[in-house]
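Understanding the architecture of this molecule
What follows is the residue order along each chain.
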Amino acid sequence: MFKASFARLATHAPRKPSIHFPDRHAPHPPHSPAPHPYAPKEVVEAFQSFLARQHAAASGAPLTGPAGGDGKGKGFASALPEADCEGDWDLPARFARARYSPEDAEIDAVLSGGATEAPVVTKAAKEKWIYFKASQLVSHPFYHIMSLIGKDEPIRIAIVGAGISGIAQAIRLKQDLGSKAIVTIYEREWRAGGVWRDSQWAGAGVDIPIHLYSLYSDLNPNWKSVYASQPEVLAYWESLIEKHGIRNQIQYNSKYIGSTWLEDEQAHAIIFESSGADKDRFEVIANVLISATGPLAKPVIPDIPGRELFKGASFHNLRWDSNVQLDGKRVAVLGNGSSGIQLVPGVAARPGVELIHFIRSGGYFLPKVNSDFSPLALWAFKWFPGAQRLYRNYLFFEAWVSPLQWPPLQRDSQKALQDRLLKYLEDKAPAEYLEALTPDYPVGCKRVAYDAGWLDSLHRKNVELVRDPVVRISETGLHTASGRSDPTSRVTASG
C-alpha cells in the first residue's frame, strides 16, 4: 500500500517539491504539480499548512497566508508557501508527532527543537521528506477526515458494530468533532455491548484487571473486584452510552452487507439488511466508514462432519441459549481456550450434569485469583484525586515488566517461567490428566489462559477430560479419532 502510493505520487509530483526555505538557503521556485487522482498538490499544501501551524504553536513564529500572521516573521512557518488553511487543521500535537513528524533528523529538529530559523537542509532530504510524508497522508484514511473538516457540511460517519470498539469510537468522535460530525452506529443485534452482550454463561468475565478494561476518559471507581463479571462489564459500557448521549445514534437490527467507494462523491455507499422477517435492504451514504465488528463477533464453529444430524441441543458459547435445560443432562464441551475453561466449572456444578470436556492439546495456565476491593480502596478511588489512575498505571507497569512483555526487565528467564507454569499444572491437575494437559510447545507460542477453577473442576466425579479429536457427530453423540463414542444430549463449542 505504502510503496504503491509512494510510486504514484513520486511519478506525478514535480521533481522539486513546492516547499520554500529562506533565501540564504538557496530555495527552489514553486512548481505546480500535474493533475493526479490523489490530488498531490492539495495534499502537499495541506500538509505544509499543518506543519506550519504546529511549529508556530510551539515556537511562537507567525503564520503566513490565510493561516494567520503577516508573513514577515522568521522561521519554518514563514519559510513555507501560502496555502489555503481554512478550517480546523490544528490537530493535537501528540497526533502530529506520532503520525506525521518528518523522518529525516534534519527536518525533525525544526519541529522538535523550536528553532526560529530553518537549518540547512539538503535537497535530497527535502525531496525525500515531502514525497514520503505526502504519500503517507494520501494513503492514510485520516487524511480523508482532515480534508472534510474545513467544509461547511457535516462529516457523515458510519460505524459498523456497537460493541466496545464502536462505542469508544463514537465517544471520541463526538468529543473531538462535536456537531461537525454526524455519527451513526449500525448494530446487527437488538442490543449494544458486543461480546459482553453475548457472553451469557455462568462465570463469564474479564481475565485482565478491570481497571485496565475501562476507557481512560471514563474510569469507574465503583468496580467491586479486581476481575469484573460479565453483567458488570456490560452495565459499564451501557452506562457510557447514556452518559455521552449516543443512544439515539445507534441503529439496531442492521446487518452490514457491503459497501462501494463513490469516487466522484468521495463517499461510501453502504448496504445494510434489516434483521426482521422481511430482510429489507437499505443504503447509507457516508464520508467515513469505520469497521468495529471485533474479532469475536462471529463464532468459530468446528467443521465436524455430521453436526447437522445431531438431535440434541448444540450452540456456541457466544450464542449461549439460556432456554436449554442442562440439569440432569450429559453435556459435551469442545475446546479449552479462555472461554472453554471459563464455562466448565459453572456447568459442572449444575445438578445432575455429566460433563465431558474434549480438548485437542494441552496448555499453560495462570491462576486467576479474584478479590474484592476494600472499602478504603473504593473510597480512595472515588474521592482521592489520582488514586485510580495511579493504580491503573501500576497495573500497566506490572504487565510490562513481566518476562513475556519486556525482556530488558525480565525477572527470570522464559525457561524459569515455563517451569513455574508446569509446576502449577502438576500441583492442580488430576494425575490421570496431567499428560493430556501438558503442552508440547514452549510458553509464549499461544496465549496463556487464566484458570479460575477449571483445573479444580477436573477433580469432580461428574467431569471427564478427553484429549482425542472429535472426527464425527451422529444423531446421538460424538465420535473420536480413536473410535470412542460418547452419547450426549447437549454440545457446547467454544472458539
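Residues numbered from 1 in each chain as written. Predicted model: local features only at pLDDT ≥ 70, side-chain atom pairs only at ≥ 80, totals over all residues. Heavy atoms only, no water.

A short note on the pattern of salt bridges
Stated formally: The salt bridge criterion pairs a side-chain nitrogen of Lys or Arg with a carboxyl oxygen of Asp or Glu, the two atoms within 4 Å. Residue burial is assigned from relative accessible area. The probe radius is 1.4 Å, only protein chains are included, and a residue is buried under 20% of its type maximum, exposed over 50%, and partly exposed in between. Secondary structure counts use DSSP, requiring at least four H or I residues in a row for a helix and at least two E residues in a row for a strand, with both numbered from the N terminus.
Evaluated as defined, the whole model comprises 18 salt bridges. Of the charged contacts in the structure, one is a salt bridge between Glu-273 and Arg-281, with a shortest N-O distance of 3.2 Å. For Arg-281, a relative accessible area of 54% puts it in the exposed group. For Arg-330, the salt bridge is made with Asp-486, and the minimal N-O distance between the two is 3.3 Å. Linking Arg-330 in strand E9 (residues 330-334) with Asp-486 in strand E16 (residues 485-487), this pair joins segments that are 156 residues apart in sequence. Given the relative accessible area of 25%, Arg-330 is considered partly exposed. If you follow the salt bridges from partner to partner, you end up with Arg-330, Glu-354, Glu-464, Arg-484 and Asp-486 in one network.

Overview of unusual backbone geometry
Notably, Gln-266 is not glycine yet its phi reads approximately 55°, a positive angle. In this fold, Gln-266 is placed in the loop between strand E4 (254-262) and strand E5 (267-274). Residue class for Gln-266 comes out partly exposed when judged on its relative accessible area of 33%. If you check the backbone angles, Lys-279 has positive phi at about 55° while not being a glycine. Turning to its location among the elements, Lys-279 is positioned in the loop between E5 and strand E6 (281-286). On the basis of relative accessibility, which here comes to 45%, the residue Lys-279 falls in the partly exposed class.

Examining the confidence of the model for the protein chain
Put simply, the rule is: pLDDT expresses how confident the predictor is about each individual residue, on a scale running from 0 to 100. By definition in these notes, contact holds between two residues if any of their heavy atoms fall within 4.5 Å.
On average, the protein chain scores 75 in pLDDT, and the residues at 70 or more come to 67%. At the level of individual helices and strands, the protein chain shows its lowest average pLDDT in helix H3 (residues 76-79), which scores 32, and its highest in helix H10 (residues 230-243), which scores 97. Counting interchain partners and residues more than four positions distant, the pLDDT-below-50 stretch residues 1-40 has 68 contacts. Segment residues 61-140: pLDDT under 50, and 171 contacts once partners within four positions in sequence are set aside and those in other chains are kept.

Things to note about the nonpolar core
Operational definition: Take the buried Ala, Val, Leu, Ile, Met, Phe, Trp, Tyr and Cys residues and link them wherever side-chain atoms come within 4.5 Å; each set so joined is a nonpolar core.
Counting residues in hydrophobic clusters, the biggest one holds 37 residues, and the most contacted among them are Ile-157, Ile-159, Leu-173, Val-183, Val-233 and Trp-237. If you list the elements that add at least two residues to this core, you get strand E1 (155-160), helix H8 (164-177), strand E2 (181-186), H10, strand E7 (288-291) and helix H13 (387-400). Broken down by element, the residue count for this core peaks at 6 residues, all from H10. Setting aside residues no more than four positions away along its own chain, Ile-159 makes contact with Gly-166, Gln-169, Ala-170, Leu-173, Val-183, Thr-184, Ile-185, Tyr-186, Ile-290 and Ala-292. In this structure, Leu-343, Leu-437, Ala-449 and Val-463 belong to the second largest nonpolar core, which totals 30 residues.

A short note on the side chain of Glu-187
Applicable threshold: As used in this structure description, the phrase polar contact means that two N or O atoms lie within 3.5 Å; if the pair is within protein, one of them must be able to donate a hydrogen and the other to accept it, and residues adjacent in sequence are counted only when both atoms belong to side chains.
With respect to the element layout, Glu-187 can be found in the loop between E2 and helix H9 (195-198). Assessed through its relative accessible area of 5%, Glu-187 is described here as buried. Of note is the side chain of Glu-187, whose polar atom sits 2.7 Å from the backbone nitrogen of Ala-162.

Some points on the packing of aromatic side chains
Cut-off, in case you're wondering: Aromatic rings from Phe, Tyr and Trp, with only the six-membered ring used for Trp, were paired whenever their centres fell within 6.5 Å, and each pair was classed as stacked if the ring planes differed by under 30 degrees, edge-to-face if by over 60, and tilted otherwise.
Enumeration according to the criterion identifies 13 aromatic pairs in this entry. Taking the centre distance of 5.7 Å and the plane angle of 80° together, the rings of Tyr-364 and Tyr-441 count as edge-to-face. With Tyr-364 in the loop between strand E10 (354-359) and strand E11 (365-367) and Tyr-441 in the loop between helix H15 (434-437) and strand E12 (449-451), the pair connects residues that are 77 residues apart, well separated along the chain. In this structure, Tyr-364 and Tyr-441 share a single accessibility class: buried. Seen from their ring centres, Phe-365 and Trp-454 are 5.1 Å apart, and the 50° between their planes marks the pair as tilted. Within this pair, whereas Phe-365 is found in strand E11, its partner Trp-454 is found in helix H16 (residues 454-457), the two being separated by 89 residues in sequence. The same class applies to Phe-365 as to Trp-454, namely buried. Ring pairing ties together the aromatic residues Tyr-186, Tyr-256, Phe-272 and Phe-282, which thus form one cluster.

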